[in-house]
Amino acid sequence: MWKDNYLFPNINDGRFFVSPILGCTGACRYCYLKIKKYNRPRKNKLGKKSILTIAQQSPEFSFGPHGTIISVGAWGDIFPLNDHDLIYYSINVIKYLLSWGNPVQIMSKNILDTVLVREISQEVRYPGHLLYSTTITTIDHWKMIEPGTASPVERLKTALTFHNTGIPTNVLLKPFI
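Residues numbered from 1 in each chain as written. Predicted model: local features only at pLDDT ≥ 70, side-chain atom pairs only at ≥ 80, totals over all residues. Heavy atoms only, no water.

Position of S133 relative to the elements: it lies in strand β9 (residues 130-135). Judged by relative accessible area, S133 falls into the buried class, the value being 0%. (Helix = DSSP H or I, 4+ residues; strand = E, 2+ residues; numbered from the N terminus. Buried < 20%, exposed > 50% of the residue type's maximum accessible area, 1.4 Å probe, protein only.)

In structure tokens:
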């Protein structure tokens, strides 16, 4: 549900989608965010307590390690390039969601340094609690297709940083051009 700077979490295919950031500067040619006019990243003004209330009131949501998977970042890149305020905002929301004990998946086409990856990783309680995902659309033409994102090499370096702290990672080749 959209309302100005709010996007309410929803459950789809057994996953609870939460977006701390609305919008993206990636300017990917195939992106659906342009349709919704979310090309400028900003905080989702829906607070942590509201997210918790929505989860608690949903008959489809269950808490804990075997509970509903929480997917973070469907309506914007959670680590906007060079926007430390929004990056820290996302990290705080991620740490809060990890405190619920549910499996959490985060996704970004941008970079995160080792210090911040470790800060997130310290909140992980069990193997598989957190999954880091990124996408690679094209190796050679990413600047033309996804001009406002980190290079595929930088994305893979961030995935490796998560991997080196014990966090499972995956790379999606979609849509591969």
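That was the structure; now back to the text.
So, about the pairing of strand β8 (residues 104-107). Bridge count for strand β7 (residues 69-72) against β8 is 3 bridges, and the pairing is parallel. When the bridges of β8 are listed, S71 appears paired with Q105. Following the chain from β7 across helix α2 (residues 84-98) to the adjacent parallel β8, one finds a crossover that is right-handed. In this structure, β8 lies alongside β9, joined through 4 bridges in parallel fashion. Pairing of V104 across the sheet is with L130, part of β9. The parallel pair β8 and β9 is bridged by helix α3 (residues 114-121), and the resulting crossover is right-handed. (Pairing = 2+ DSSP bridges. Right-handed = clockwise from strand over helix to strand, strands pointing away.)

What follows concerns unusual backbone geometry. One non-glycine residue, N82, lies in positive phi territory at about 60°. Along the chain, the position of N82 falls in the loop between β7 and α2.

The contact between α2 and α3 brings their axes to 9 Å, and the two run at 20°. By the angle between their directions, the pair α2 and α3 is classed as roughly parallel. Where α2 crosses over α3, the handedness of that crossing is right-handed. Contact residues: I87, Y88, I91, I94, K95 and L98 in α2; L116, E119 and I120 in α3. Its residues assigned to classes, the contact of α2 with α3 comprises 7 nonpolar, no polar and 2 charged. (Axes fitted to C-alpha atoms, helices over the stretch in contact; angles between N-to-C directions. Parallel < 35°, antiparallel > 145°, perpendicular 65-115°, else oblique. Left-handed = near helix turned anticlockwise from the far one by under 90°. Contact = heavy atoms within 4.5 Å. Nonpolar A, V, L, I, M, F, W, Y, C, P; charged D, E, K, R; others polar.)

Remember, this is a structural readout, not a statement about activity or role.
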